[in-house]
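Secondary and tertiary structure notes
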Amino acid sequence: MFAPMKSPASAEKDRKSPDQRPDFSPDFRHVKSWIFDLDNTLYCAGNGIFAQIESRMTDYLAAFLKLPRDCARVRQKELYRQYGTTLNGLMREHACDAEDYLSFVHDIDLGALGPDSALSAALAALPGKRFVFTNGCRDHAQRILDRLDLAHLFDAVWDIRTIGFAPKPQASAYDAVVAASGVNPSESAMFEDIARNLVPARALGMTTVWLKTDAPWGNHGPLMDVSAGDIDHETENLTQFLQNIRI
Ligand SMILES: [Mg+2]
């Protein structure tokens with residue numbers, strides 16, 4: 001016999017305010033800057049949004065490199081593993097026009113996304129500034145944030161143009177956003193679904209949180225190894241995690 005699920009109102013009543021959270025909750029009281037990846041981090045990986053982008057990437061490669069679609073998919077993954085993003089590989093090896101690629105791959109249906117009031121409340125409770133740090137483009141980020149009704153909660157979006165098209169996990173990407181924003185890494189926390197993207201953040205002194213996934217993209221590729229020390233915390237539910245940390 002399963003216990004009955006709590007109603008949203010009941011769950012809301014049980015939620016602890018920050019000063020009621022127990023001592024064993026993850027301690028984020030040092031954090032003043034909250035840095036979030038976008039895709040598969042601020043929305044759930046299971047809703048098919050990023051799958052659409054990946055499919056559009058394959059379509060783009062097939063047309064751009066004049067390959068059958070299955071060969072284009074293989075090439076897409078090779079470039080991703082070697083260069084951090086498929087776009088970076090296309091730019092470095094095939095002189096791809098970045099803006100053309102970005103507008104094509106992000107032309108997707110966002111109908112599966114709607115306002116996320118629980119995440120919105122959890123984000124709003126965080127003290128300090130909030131940022132989006134994405135290897136995608138600003139227009140895509142803005143559309144996602146608008147659909148989730150989260151846009152008003154963020155102080156800035158750092159996109160692939162902000163980091164000179166040198167994507168996470170390249171160290172230069174992190175140096176660029178720290179220099180541009182003035183955030184203190186030791187007073188920052190970064191949330192990401194791709195574990196290898198947390199390694200440079202941890203090296204700078206940020207507190208790192210992995211949105212744990214069994215999907216292939218969550219595991220580290222050959223660009224760098226991820227050790228236990230690179231990941232301070234892991235969770236499968238961003239909203240619940242934020243609701244339970246000490247702030
Ligand atoms: Mg992501």
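Structure's up top.
Throughout this document, residue positions are counted from 1 along each chain, in the order its sequence is written. In keeping with the predicted nature of the model, local features appear solely for residues at pLDDT of at least 70, side-chain atom pairs appear and are counted solely at 80 or more, and the whole-chain, interface and lining totals rest on all residues.

What about the overall build of the protein?
When helices and strands are counted, the protein shows ten helices and six strands. A fraction of 67% describes how many contacts in the protein between residues 6 or more apart in sequence connect residues 24 or more apart. Think of it this way: any DSSP run of H or I at least four residues long counts as a helix, any run of E at least two long counts as a strand, and we number them from the N terminus. A pair of residues counts as a contact when their C-beta atoms, built from backbone coordinates, are separated by no more than 7 Å.

Some details on the sheet that holds strand S3 (residues 156–158)
Note: two strands are recorded as paired if DSSP finds a minimum of 2 bridges between them. Taken in spatial order, the six strands of this open sheet run S3-S2-S1-S4-S5-S6, and their pairing is parallel. Because the sheet does not close on itself, it has two edges, and the strands there are S3 and strand S6 (233–235). Across the sheet, the axes of successive neighbouring strands diverge by a mean angle of 20°, strand direction being ignored. Bridge analysis of strand S1 (residues 33–36) against strand S2 (residues 129–133) gives four bridges, and the strand direction is parallel. Following the sheet pairing, Ser33 is matched in S2 by Lys129. As a rule, the C-alpha atoms of each element are fitted with a line to give its axis, helices using only the stretch in contact, and angles between N-to-C directions run from 0 to 180 degrees.

Focus on helix H3 (residues 69–83)
Expected span of a helix, by definition, is 1.5 Å for each gap between consecutive residues, and there is one gap fewer than residues. In this model H3 runs 21 Å from its N-terminal to its C-terminal C-alpha over 15 residues, within 8% of the 21 Å that 1.5 Å per residue would give. Looking at the buried residues of H3, the elements they touch are helix H2 (49–64) and helix H4 (86–94). Of the residues flanking the end of H3, it is Gly84, one or two places downstream, whose phi is positive at about 90°.

Regarding helix H6 (residues 117–124)
Side chains of residues three or four places apart in an α-helix project in the same direction, reflecting 3.6 residues per turn. Of the positions making up H6, those classed as buried are Leu119, Ala122 and Leu123. All buried residues of H6 fall inside an arc of 100° around its axis, so they share one side. Structurally, H6 contributes buried residues whose contacts are with S2 and helix H10 (238–244). With C-beta atoms placed from the backbone, a residue is buried if 20 or more other C-beta atoms are within 10 Å of its own, exposed if 12 or fewer are, and partly exposed between those counts. The directions considered for the arc run from the helix axis to the C-beta atoms.

Some points on the packing of H3 against H4
Relative to each other, H3 and H4 sit at 90°, their axes nearing to 7 Å. In this view, H3 runs roughly perpendicular relative to H4, as classed from their interaxial angle. Residues Gln76, Leu79, Tyr80, Gln82 and Tyr83 of H3 touch H4, and the partners they reach there are Thr86, Asn88, Gly89, Leu90 and Arg92. Residue classes follow a fixed rule: Ala, Val, Leu, Ile, Met, Phe, Trp, Tyr, Cys and Pro count as nonpolar, while Asp, Glu, Lys and Arg count as charged, and any other residue, Gly among them, counts as polar. Here the contact of H3 with H4 is built from residues that sort into four nonpolar, five polar and one charged. Should an angle fall under 35 degrees it is called roughly parallel, over 145 degrees roughly antiparallel, and 65 to 115 degrees roughly perpendicular, with every other angle called oblique.

Structural notes on the environment of Gln243
Structurally, Gln243 can be placed in helix H10. A residue is classified by how many C-beta atoms lie within 10 Å of it, and Gln243, with 20 of them, is buried.

Some thoughts on the nonpolar core
In these notes, a nonpolar core means any group of buried Ala, Val, Leu, Ile, Met, Phe, Trp, Tyr and Cys residues linked to one another through C-beta atoms within 7 Å. Counting 57 residues, the largest nonpolar core has Ile144 and Ala189 as its most contacted members. Residue ranges for the domains originate in an automatic or database domain assignment. Structurally, this core is a two-domain feature, drawing no fewer than three residues from each of domain 1 (10–46 + 114–244) and domain 2 (49–105). Dropping the residues within four chain positions of it, Ile144 is found in contact with Leu38, Leu42, Tyr43, Leu110 and Leu113.

Considering the pairing of S2
Direction of pairing for S2 relative to S3: parallel, over a ladder of three bridges. Following the sheet pairing, Val132 is matched in S3 by Val157. With the strands aimed away from the viewer, a crossover counts as right-handed if its path from the first strand over the helix to the second runs clockwise. Considered for its hand, the β-α-β crossover made up of S2, helix H7 (residues 138–148) and S3 is right-handed.

Examining the packing of H2 against H3
Their axes nearest at 8 Å, the elements H2 and H3 cross at an angle of 110°. Here H3 runs roughly perpendicular to H2, going by the angle between their axes. On H3, the residues that touch Met57, Thr58, Leu61 and Ala62 of H2 are Arg69, Ala72, Arg73, Arg75 and Gln76.

Quick look at unusual backbone geometry
A cis amide bond, omega 10°, links Lys168 with the succeeding residue Pro169. For Pro169, the position within the fold is in the loop between S3 and helix H8 (171–181). Positive phi, close to 50°, is recorded for Ala95, a residue that is not glycine. Tracing the chain through its elements places Ala95 in the loop between H4 and helix H5 (98–105). For Ala95, a count of 7 C-beta atoms within 10 Å gives the class exposed. At Asp149, a residue that is not glycine, the phi angle is positive and equals roughly 60°. Mapped onto the elements of the fold, Asp149 is located in the loop between H7 and S3.

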